[in-house]
Amino acid sequence: MEFKDYYQLMGVKRDATQDEIKRAYRKLARKYHPDVSKEPDAEARFKEVGEAYEVLKDPEKRTAYDQLGANWKAGQDFHPPPDWDQGFEFHGGGFTGADADHFSDFFESLFGRGGFGGARAGHARREFYARGEDAHAKVLIDVEDAYRGTTRPLTLRHTELGADGRPHLKERTLNVSIPKGVRQGQHIRLAKQGGAGIGKGAAGDLYLEVEFRPHPLYSVEGKDLYLNLPVAPWEAALGATLKVPTPDGTVDLKLPPGSSGGRKLRLRGRGLPAKEPGDLYVVLQIALPKADSEAAKKAYADFEQALAFNPRAHLGI
Amino acid sequence: MKTTDMMSLLAGEVLDEDIELSLSELCRACQLPAERIFELVEEGVVDPLGRDPRQWRFQAFSIRRVRCAHRLEQDLGVNAAGAALALDLLEELERLHVRLQRLES
């Protein structure tokens, strides 16, 4: 397994004070928090930083980690020396906030799995007949899927307490039906698909949060869709009937004469399906033909001759 | 170990605007004790209908807001008021982001 340089991950020196480490952590946590960050690898970075902080914030774990020596480089092949943690008794610190399920093999080889004192094993499991925990997951779909409904195979990982009393990672795949009309941020509740109950306790529920993949044509706001539609200057000026793509297929749009760029035209009820379906807004963008031939240049010159047009009149010049 | 249940197609219930949750349903969905929800109601993170907590009705999107506020508190060391502020700003940012994408495309 690879050695992890927790100081490097947090951008602090090896002799940083506990206060400096805390400040560095707060800063990085804000930067990479998956709810806040727009960085593509935010979640992975957030977990890494959380793991580094878990070790460095706890003077006992930090001292033990420091004892490995300063010569290790991040990514170097690493095996903990035998009896490396002799003389240390890890306690305190705990796993507040951090999710110990996601710590690296490197962390586990040093500090064990799931923390010390078996805090997690007894977590929320006091009653003998306990209802299973609810599980949460995200499901990514395309805008088109929300128009028609779809099915998605969903692979979920969870830890289960094995017969040997240790947590084991289990994977299961569910085939989930995504109904027509779901929207960004909505939850789908799958009854009894969460964690298994204890004893006669019922299983928990699984909550799926719907997220739309970014679409090359449409942007979504609530139930409404927006489409930028390029139009030729003469179409905008004289009016036209245009073919417009929608997730439901192509429709005809009547463009009134004298339309200007940026104008919004509403296709009522062509947004996301619902009892009261959303609308699809077409935003006009005037596209100019290139003046790359003699004929085209002449057409532009004729244009200029025929129209006394000052696009900057409103600037007072 | 891998278990596959591809035989049956699971259909769930969409928690749309027609669905309202009681306090206990919200607690269950967010895996949080009622005291936590009281705090977040106090800060305006979620806004239930009804006066008495026993009659409170929450809109389904409350699950998302409560869970996000709770994570921000846990991970960033902010209090409930700070999480409420961050949540409002994040939603505003999200709206602006969608608009910007539309204008730039």
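Residues numbered from 1 in each chain as written. Chains lettered and ligands numbered in written order. Predicted model: local features only at pLDDT ≥ 70, side-chain atom pairs only at ≥ 80, totals over all residues. Heavy atoms only, no water.

Structural notes on the sheet that holds strand 4 (residues 187–190) of chain A
Here comes step 1: The strand order 1(A)-5(A)-4(A)-2(B) describes an open sheet built from 4 strands, whose pairing is mixed. The sheet is open, and its two edges are formed by strand 1 (135–141) of chain A together with strand 2 (13–15) of chain B, each paired on a single side. Each strand axis lies, on average, 30 degrees off the axis of its neighbour in the sheet, ignoring direction. (Pairing = 2+ DSSP bridges. Helix = DSSP H or I, 4+ residues; strand = E, 2+ residues; numbered from the N terminus. Axes fitted to C-alpha atoms, helices over the stretch in contact; angles between N-to-C directions.)

So, helix 4 (residues 59–66) of chain A
Here comes step 1: Those residues of helix 4 of chain A that sit buried are K61(A), R62(A), A64(A) and Y65(A). Along helix 4 of chain A, the residues classed as buried sweep out an arc of 165 degrees about the axis, all on the same side. (Buried < 20%, exposed > 50% of the residue type's maximum accessible area, 1.4 Å probe, protein only. Arc of directions from axis to C-beta.)

Some words on the packing of helix 2 (residues 34–42) of chain B against helix 3 (residues 62–76) of chain B
All names here are of chain B.
Here comes step 1: Direction vectors running N to C along helix 2 and helix 3 enclose 95 degrees, while the axes themselves pass 11 Å from each other. By the angle between their axes, helix 2 is roughly perpendicular relative to helix 3. Contacts from R36, I37 and L40 in helix 2 reach V66, A69, H70 and E73 in helix 3.
Here comes step 2: Of the residues assigned to the contact of helix 2 with helix 3, the class counts are 4 nonpolar, 1 polar and 2 charged. (Parallel < 35°, antiparallel > 145°, perpendicular 65-115°, else oblique. Contact = heavy atoms within 4.5 Å. Nonpolar A, V, L, I, M, F, W, Y, C, P; charged D, E, K, R; others polar.)

Section: the confidence of the model for chain A
All names here are of chain A.
Here comes step 1: Looking at chain A as a whole, its pLDDT mean stands at 82, while 83% of the residues score no less than 70.
Here comes step 2: Within the model, pLDDT remains below 50 along residues 91–98, and this stretch shows 18 contacts once partners closer than five positions in the same chain are excluded.
Here comes step 3: Segment residues 114–128 is flagged for pLDDT under 50; beyond a separation of four residues in sequence, or across chains, it makes 17 contacts in the model. (pLDDT = per-residue confidence, 0-100.)

Notes on the confidence of the model for chain B
Residue and element names in this part refer to chain B.
Here comes step 1: Counting all residues, the mean pLDDT for chain B is 86, and 92% of those residues have values of 70 or more.
Here comes step 2: Per-element mean pLDDT across chain B ranges from 61 in strand 1 (residues 2–11) up to 93 in helix 2.
Here comes step 3: Contacts from residues 1–6, a stretch scored under 50 in pLDDT, to residues over four places away or in other chains number 15 contacts.
Here comes step 4: Here the complex is predicted with pTM 0.68, and the ipTM for its interfaces comes to 0.73.

Side note on the packing of aromatic side chains
By convention here, two paired aromatic rings are described through the distance between centres and the angle between planes.
Here comes step 1: Taken as a whole and assessed by the stated rule, the structure comprises 7 aromatic pairs over all chains.
Here comes step 2: Ring plane angle 40 degrees and centroid distance 6.1 Å describe the contact between Y7(A) and Y65(A), whose orientation is recorded as tilted. A residue pair is termed long-range when its members are at least 10 positions apart, and Y7(A) in helix 1 (residues 6–10) and Y65(A) in helix 4 qualify at 58 residues. As far as the burial class goes, Y7(A) and Y65(A) line up, both buried.
Here comes step 3: Between W56(B) and F58(B), the aromatic rings sit 5.8 Å apart at their centres with planes inclined by 85 degrees, giving edge-to-face as the arrangement.
Here comes step 4: Taking the relative accessible area as the measure of exposure, W56(B) reaches 9% and is therefore buried.
Here comes step 5: Joined through ring pairs, the aromatic side chains of F3(A), Y6(A), Y7(A) and Y65(A) make up one cluster.
Here comes step 6: Over the face of the ring belonging to Y281(A) we find K264(A), whose NZ or CZ atom lies 5.5 Å from the ring centre. (Phe/Tyr/Trp six-rings, centres within 6.5 Å; stacked < 30°, edge-to-face > 60°. Lys NZ or Arg CZ within 6 Å of the ring centre and 35° of its normal.)

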